[in-house]
Amino acid sequence: MLPTRKSPPPPPLDGGIRVDDRARAAAADDFGHLVHRTPEGVLLPASEEDVAAAVRWAAEHGRTFAAQGGRHSVFGRGQAGGGIVADMRLLRTVHAIEDDRVVVDAGATWREVLAATLPRGLAPPGLPDYLDLSVGGTLIVGGVGSGISRFGVLSDNVLDLQVVTGRGERLVSSPARNPGLFDAVRAGLGQVAVVTRATLRLVPAPRQVRRFLLVYPDLATMLADERLLAHEHRFERVQGAVLPAPSGGWTFRLDLVKEPPADPPDDDALLAGLSDDRPRAESSTLPYLEYLDRLAALERLLRSEGRWSFPHPWLTTFVGDPAVESVASGELARLAPADLGPLGQVVVSPILRESVRTPLLRLPPDPLGFTFNLVRFPPTDDAAEARRLVTANRAVYERVRAAGGTLYPVSAFPMSGADWRAHFGAAFGRLRDAKREHDPGHVLTPGYEVFQPPAPAG
């Protein structure tokens, strides 16, 4: 029996529902540690039908429902205060692997997918920069990684999806089958359906990669090389970063990856025409998985120092090429290195718009754009300081939006319904229509606050 209000019995399940304080408290937290909404119960699904039954129960009894994978949201988007959350980590099987595709449950992490596909020399293209994200949680926001200009986002590389709609219906969607639903789920913020299984595209995976870390004297020079590399496709992955310098100010750096490298590597050809400070360049050849898992060392360090559990008021946006230098330089002038923390950074990486095909992932209209992300690791867990940075994020977003930029919705600040309508622009009508068709009771993923509940009849 669910504990916090007069509740009807839960539906018959293959798994179960936890209602103890410990389980509910865990589901009320996430990687951001900024927003806490306690659910009424935590679904432990043993099957896709358990998810469908719980959604139908929530719809019938006036509750909300949210799926949680690794709980890596930074602002409570995967929470459901007073509702039901599903621990999708219990549905994490990697199923059939073929030469060009793999079927995986939504709760599987990208690390688990790679553990199954890499031994066969295969991997999904455009992987995220952090491998412990869940597949389902990534696909509902799009999934951005360092290879976006070459491979698009993760949701561009999905062949079909099995979902449970807000009506509790189990459906399959793809470009050929329920295409409107397919487009409303990918980067649709969980507003119309819960992803339970996905068929992901696979490509041959390199055994090794050649990696370069290049240092630049200033932002303008780094951006000029990013533009050149984005159009030339010289590297598979191009990621720009601005980091706090040990002596004060900023360090500008490009992280470039060639996969697979030539044997022997021809570094002079790969770096020809670039304007970095060449004596400071670093190069290495490393196993593909070691490169993909490059953030593991940072996580271990933060965990060892107790800082992994500190708030993470991150901001992720996209800015068009004509505005990126003015936006980035203006924000760097306002930003104190302490606002990022000594291990934080500002990510400024190129995106060819033609590579991104997911309709609901909103990018500026320019052929070339850039990520502009504040990856903050504050050195304190002070709540007042975290609130200050959340407020600062909103101000930065306003300036980005005024410059024609857009939001990547895994960001730590509140958004109103009007904000979301402006964010989706012309695509909002399609998402609203899909919501009306597949989740008319406004059951799913309330944490984004995209839609307000329907007004009572009468």
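How each quantity is defined
- Residues numbered from 1 in each chain as written.
- Predicted model: local features only at pLDDT ≥ 70, side-chain atom pairs only at ≥ 80, totals over all residues.
- Heavy atoms only, no water.
- Helix = DSSP H or I, 4+ residues; strand = E, 2+ residues; numbered from the N terminus.
- Phe/Tyr/Trp six-rings, centres within 6.5 Å; stacked < 30°, edge-to-face > 60°.
- Salt bridge = Lys/Arg side-chain N within 4 Å of Asp/Glu carboxyl O.
- Buried < 20%, exposed > 50% of the residue type's maximum accessible area, 1.4 Å probe, protein only.
- Pairing = 2+ DSSP bridges.
- Axes fitted to C-alpha atoms, helices over the stretch in contact; angles between N-to-C directions.
- Contact = heavy atoms within 4.5 Å.
- 1 Å grid on protein atoms, 1.4 Å probe; cavity = no way out; pocket = protein on both sides within 12 Å on 5 of 7 lines; lining within 4 Å.
- Points joined across faces, edges and corners; volume = space filled by probe spheres on them.
- Lys, Arg positive; Asp, Glu negative; His and termini not counted.
- Polar contact = N/O pair within 3.5 Å; in protein donor to acceptor, adjacent residues only side chain to side chain.

### Here's the deal with unusual backbone geometry
A cis amide bond links Glu259 with the next residue in sequence, Pro260, at an omega value of -15°. Among the structural elements, Pro260 can be located in the loop between strand E14 (250-258) and helix H8 (267-271). That bond from Asp263 to Pro264 is cis: its omega, 5°, falls within 30 degrees of zero. At His233, a residue that is not glycine, the phi angle is positive and equals roughly 55°.

### A look at the packing of aromatic side chains
Counted by the stated rule, this structure contains ten aromatic pairs. Site record: aromatic cluster; members linked through ring pairs are Phe31, Tyr130, Trp308, Trp314 and Phe377.

### Structural notes on the pattern of salt bridges
Scanning all chains against the criterion turns up 36 salt bridges. With its nearest N and O atoms 3.8 Å apart, the salt bridge here joins Lys258 to Glu236. Placement of the pair is Lys258 in strand E14 and Glu236 in the loop between helix H7 (219-232) and strand E13 (237-244), with a sequence separation of 22 residues. Linking Glu331 and Arg399 is a salt bridge whose minimum nitrogen-to-oxygen distance equals 2.7 Å. Here Glu331 is found in helix H11 (residues 321-334), whereas its partner Arg399 is found in helix H13 (residues 383-402), with 68 residues between them in sequence. Residue Glu331 is classed as buried on the basis of its relative accessible area, which comes to 7%. What you see here is one network of salt bridges that share partners, running through Glu48, Glu49, Arg56 and Arg170.

### Some details on the sheet that holds strand E10 (residues 193-201)
Spatial strand order, E5-E6-E10-E8-E9: five strands in an open sheet with antiparallel pairing. Looking at the sheet topology across the chains shown, the edges are occupied by strand E5 (94-97) and strand E9 (170-173). For this sheet, the mean inter-axis angle between neighbouring strands, taken without regard to orientation, is 20°. Relative to E10, strand E6 (residues 101-105) is paired through five bridges, and the arrangement is antiparallel. The residue bridging Val102 from the neighbouring strand is Leu200, located in E10. Together, strand E8 (158-165), E9 and E10 form the strand contacts of helix H2 (residues 48-60), whose direction differs from that of E8 by roughly 45°.

### Some thoughts on the pairing of E9
Relative to E9, E8 runs antiparallel, the two sharing four bridges. Across the sheet, residue Val164 finds its bridge partner in E9, namely Arg170. Hairpin connection, E8 to E9: the antiparallel pair is bridged by four residues, and Gly168 has positive phi, about 85°.

### Quick word on the environment of Phe372
By secondary structure assignment, the location of Phe372 is in strand E19 (residues 368-375). Considered as a pair, Phe372 and Val347 are 25 residues apart in the sequence and their alpha carbons are 5.6 Å apart. Excluding residues that lie within four positions of it along the chain, Phe372 makes contacts with Leu315, Thr316, Thr317, Val319, Ala328, Glu331, Val346, Val347, Val348, Val396 and Val400.

### Structural notes on empty space enclosed by the protein
Under the defined criterion, the tally for this structure stands at three cavities of 30 Å³ or more. Taken as a whole, the largest cavity holds about 100 Å³ of empty space. Forming the boundary of the largest cavity are 13 residues, of which Ser149, Arg150, Phe235, Glu236 and Val238 lie nearest the centre. Of all the secondary structure elements, the ones that give two or more residues to the lining of the largest cavity are helix H5 (148-151), H7 and E13.

### Overview of the side chain of Arg71
Tracing the backbone through its elements, the reader meets Arg71 in the loop between strand E3 (65-68) and strand E4 (84-87). Buried and unpaired, Arg71 has no salt bridge, with Asp87 as the nearest side chain of opposite charge at 4.6 Å. Here Gln68 takes part through its side chain, which lies 2.6 Å from a polar atom of the side chain of Arg71. Leave out the neighbours within four places in its chain, and Arg71 touches Ala26, Ala27, Asp29, Asp30, Phe31 and Arg89.

### Regarding the sheet that holds strand E1 (residues 16-18)
Pairing in this open sheet of four strands is mixed, and the strands run E1-E2-E4-E3 from one edge to the other. In this open sheet, the two edge strands, each paired with only one partner strand, are E1 and E3. Within this sheet the neighbouring strands show an average axis-to-axis angle of 30°, counted without direction. Pairing geometry for strand E2 (residues 41-44) and E4, over three bridges, is parallel. In the strand pairing of E4, Gly41 is matched with Ile84.

The values reported here are purely geometric and, on their own, carry no functional implication.
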